[in-house]
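Structural features, examined
Take a look at the letters that make up each chain.
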Amino acid sequence: MSDAAPDTTLSGWRFQAKIYQDLDRKLRVSRFGGGASEAHGLLSALACRGIGSERLRAKAYLLQLAEPADLNLIEGLHEMIIRDLRADGFRFNLLLPGDQASAAQKTAALADWCGGFLQGFLHDHDGEAPLADFPATVREAIDDIIAISRADAPPPPGEALERQLFEIEEYLRVATQLIFEELNPAPPAVNNTPANQ
């Protein structure tokens, strides 16, 4: 994988396994040390907090990245997240390993994603509003993400676990979209129709 930002024409976050693995490896050998799912969770939370591309470099300390190539990569991921959260048709997806991954790998990636999201959303080292100041729907969603991140060991591998992981992933997609829309409402549409028509 090159050091360039990822191709923003990609649709959704269902990366092929090799692409996910390349990105995951690149992040794990950086100063960040976490994987692709954790970074995606963190960047998703920053997007929910209204931190756009112009403010992202000021938050680079959360990812412990300083190399220009690493920052370019993260900026590309962040832009894709914001694009998908703003898009019609519920395009936002979590960045997780592909279908070839084991249930244990998927479980770990979901936990990493939740941990990254909570780190990004609750970092509050710069005087942003505490969690108590957010709307009740946002607080409830964050409480659920905290509970998922602290869940007991999953059931043994099998169809029940695969179904549970799918349901958790879908819930996190919906919760993230809800948080984003609650904290970043779309501006009202402008009516250009003349008043006398």
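Structure first, text after, so check above.
Because the structure is a prediction, the values reported are computed rather than measured. (Residues numbered from 1 in each chain as written. Predicted model: local features only at pLDDT ≥ 70, side-chain atom pairs only at ≥ 80, totals over all residues. Heavy atoms only, no water.)

Side note on unusual backbone geometry
For residues that are not glycine, phi is negative in most cases, and the peptide bond is trans in most cases. The test is simple: Numbering of helices and strands runs from the N terminus; a helix is a DSSP stretch of H or I covering at least four residues, while a strand is a stretch of E covering at least two. In this scheme, a residue with accessible area under 20% of its type's maximum is buried, one over 50% is exposed, and one in between is partly exposed, where area comes from a 1.4 Å probe on protein chains only.
Phi at Phe90 takes a positive value of approximately 55 degrees, unusual for a residue other than glycine. Tracing the backbone shows Phe90 in the loop between helix 4 (68-86) and helix 5 (103-121). Of the residues examined, Phe90 reaches a relative accessible area of 33% and is grouped as partly exposed.

Thoughts on the nonpolar core
Which entries qualify depends on this criterion: To form a nonpolar core, buried Ala, Val, Leu, Ile, Met, Phe, Trp, Tyr and Cys residues must be joined to one another through side-chain atoms within 4.5 Å. Any two residues whose heavy atoms approach within 4.5 Å are treated as being in contact.
Grouped together as the largest cluster of nonpolar side chains are 49 residues, with contacts concentrated most on Leu43, Leu63, Ile74, Phe117, Phe121, Ile142 and Ile179. Only helix 1 (17-28), helix 2 (36-48), helix 4, helix 5, helix 6 (136-149) and helix 7 (159-183) provide two or more residues apiece to this core. Among all residues touching Phe121, those that are not within four sequence positions of it are Ala45, Cys48, Arg49, Leu131, Phe134, Val138, Ile142, Ile179 and Leu183.

Considerations on the environment of Leu77
Turning to its location among the elements, Leu77 is positioned in helix 4. Leu77 gets classed as buried once you look at its relative accessible area, which sits at 3%. It is 9.0 Å that separates the C-alpha atoms of Leu77 and Ala39, two residues lying 38 residues apart in sequence.

Some points on the pattern of salt bridges
Selection rule: Each salt bridge in this description consists of a side-chain nitrogen of Lys or Arg and a carboxyl oxygen of Asp or Glu lying within 4 Å of one another.
This model, assessed by the stated rule, comprises seven salt bridges. In this structure, the salt-bridge partner of Lys106 is Glu162, at a minimum N-O distance of 3.4 Å. Of the two residues, Lys106 sits in helix 5 while Glu162 sits in helix 7, which places them 56 residues apart along the sequence. Since its relative accessible area comes to 36%, Glu162 is described here as partly exposed. The network of salt bridges with shared partners includes Arg83, Asp84 and Arg91.

Regarding empty space enclosed by the protein
Any empty space left between the atoms is revealed when a probe the size of a water molecule rolls over them. The condition is simple: Method remark: on a 1 Å grid restricted to protein atoms, a set of points is classed as a cavity if a 1.4 Å probe fits but cannot get out and as a pocket if it is open with protein on both sides within 12 Å along at least five of seven lines; lining residues have an atom within 4 Å of a point. Grid points are joined across faces, edges and corners, and a volume is the space filled by probe spheres set on the points. By the convention adopted, Pro, Cys, Tyr, Trp, Phe, Met, Ile, Leu, Val and Ala count as nonpolar, Lys, Arg, Asp and Glu as charged, and the other residues, Gly among them, as polar.
Counted by the stated rule, this structure contains one cavity of 30 Å³ or more. A volume near 40 Å³ is recorded for the largest cavity. Lining the largest cavity are Leu56, Arg57, Ala60, Leu63, Leu71, Ile74 and Glu75. Of the residues assigned to the lining of the largest cavity, the class counts are five nonpolar, no polar and two charged.

Thoughts on helix 7
Threshold: Given the number of residues in a helix, its expected span is that number minus one, multiplied by 1.5 Å.
Between its first and last C-alpha atoms helix 7 spans 36 Å; for 25 residues at 1.5 Å apiece the expected length is 36 Å, and the two agree. Within the sequence span of helix 7, burial applies to Leu161, Leu165, Glu169, Leu172, Arg173, Ala175, Thr176, Gln177, Ile179 and Phe180. Each element contacted by the buried residues of helix 7 is listed here: helix 2, helix 4, helix 5 and helix 6.

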